[in-house]
2 protein chains.
Amino acid sequence: MDRIPILRMGQFLLVTIQVDLYDRLALDLEADIVKMVNKTGARGVLIDISAVSIVDSFMGRIIGNIGVMSKLLDAETVVVGMQPAVAITLVELGLPLKGVYTALNVDKGMDLLRSIIQDDVDTADTDDDDDNIAE
Amino acid sequence: MDRIPILRMGQFLLVTIQVDLYDRLALDLEADIVKMVNKTGARGVLIDISAVSIVDSFMGRIIGNIGVMSKLLDAETVVVGMQPAVAITLVELGLPLKGVYTALNVDKGMDLLRSIIQDDVDTADTDDDDDNIAE
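Calculation rules
Residues numbered from 1 in each chain as written. Chains lettered and ligands numbered in written order. Predicted model: local features only at pLDDT ≥ 70, side-chain atom pairs only at ≥ 80, totals over all residues. Heavy atoms only, no water. 1 Å grid on protein atoms, 1.4 Å probe; cavity = no way out; pocket = protein on both sides within 12 Å on 5 of 7 lines; lining within 4 Å. Points joined across faces, edges and corners; volume = space filled by probe spheres on them. Helix = DSSP H or I, 4+ residues; strand = E, 2+ residues; numbered from the N terminus. Nonpolar A, V, L, I, M, F, W, Y, C, P; charged D, E, K, R; others polar. Pairing = 2+ DSSP bridges. Axes fitted to C-alpha atoms, helices over the stretch in contact; angles between N-to-C directions. Contact = heavy atoms within 4.5 Å.

Looking at this structure, I do not really get the layout of surface pockets. What am I missing?
When its volume is computed, the largest pocket comes out at roughly 370 Å³. Along its surface, the largest pocket is lined by 16 residues, and Ser50 of chain A together with Pro5, Ile6, Leu7 and Met36 of chain B are the ones closest to its centre. Looking at the lining of the largest pocket, the elements with two or more residues in it are α4 (106–123) of chain A together with β1 (6–9) and α1 (23–40) of chain B. Among the elements that line the lining of the largest pocket, the one with the most residues is β1 of chain B, at three residues. Residue composition of the lining of the largest pocket, by class: seven nonpolar, four polar and five charged.

Even after reading the chapter, I still don't get the sheet that holds strand β5 (residues 101–103) of chain B, so can you show me in this structure?
Strands belonging to one sheet form pairs held by backbone hydrogen bonds; the direction of such a pair is parallel or antiparallel. All names here are of chain B. Taken in spatial order, the five strands of this open sheet run β1-β2-β3-β4-β5, and their pairing is mixed. A single partner strand is all that each edge strand has here, and the edge strands are β1 and β5. Recorded for the sheet is a direction-independent mean angle of 25° between the axes of neighbouring strands. In this fold helix α4 (residues 106–123) packs onto β1, β2 (12–16), β3 (44–48), β4 (76–80) and β5, with an angle of close to 160° to the strand it touches most, β4.

Right, here's the structure in full:
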């Protein structure tokens, strides 16, 4: 399989990472997600990494990039299902996953996305909404 | 990665198949899904095979098994995102995916699951509900 599928679920996109993100695959995923956000007008991207047990600086950077790129197209990114060991590794690597939100599982990630979008609608002020996110 | 992750989304489970289902992995997936249905009380299982471009009789049988096993635990199975070539191959192999529903994409699969569950509630008669499904 040479592409990671991106599933559309209403106004969100869901990506499940099950394989090691080697360079070409990761860059393709980045491009595919941004194209898909543009095409579908999705408001949120959920990235499930529950099957990922090893993370490196490259993967951390790619996830960060996806978050920033999606944000430019008005979609928020939530990383869900992170294993404890991965969280430890990310902090030890000095990669705090800038630009993305995190949640424990897909259900909670969807709730978070819905509340973020709702907040955007309520305040009509997306640019200053950076209380939980590092730009 | 030695396990295919099963994501819980409300009362449904979502499985995205991105890798070749060799024997061990497929049998593990079968067991994991049934355990997860039992543990979560899920009412539906969505299996996304949009990344699958080659299908064989083994994979067809595994998907059929998952459908029948889930049904025994009162969960319906919907296969979504099938590529046209896969549909052609399945018919040529004489594998009509017994026991599972199919839908074009995840959104439509979720709608289908909701309507099946709703029908079950309406008629309170799940056992005779076999109009579109081969037992």
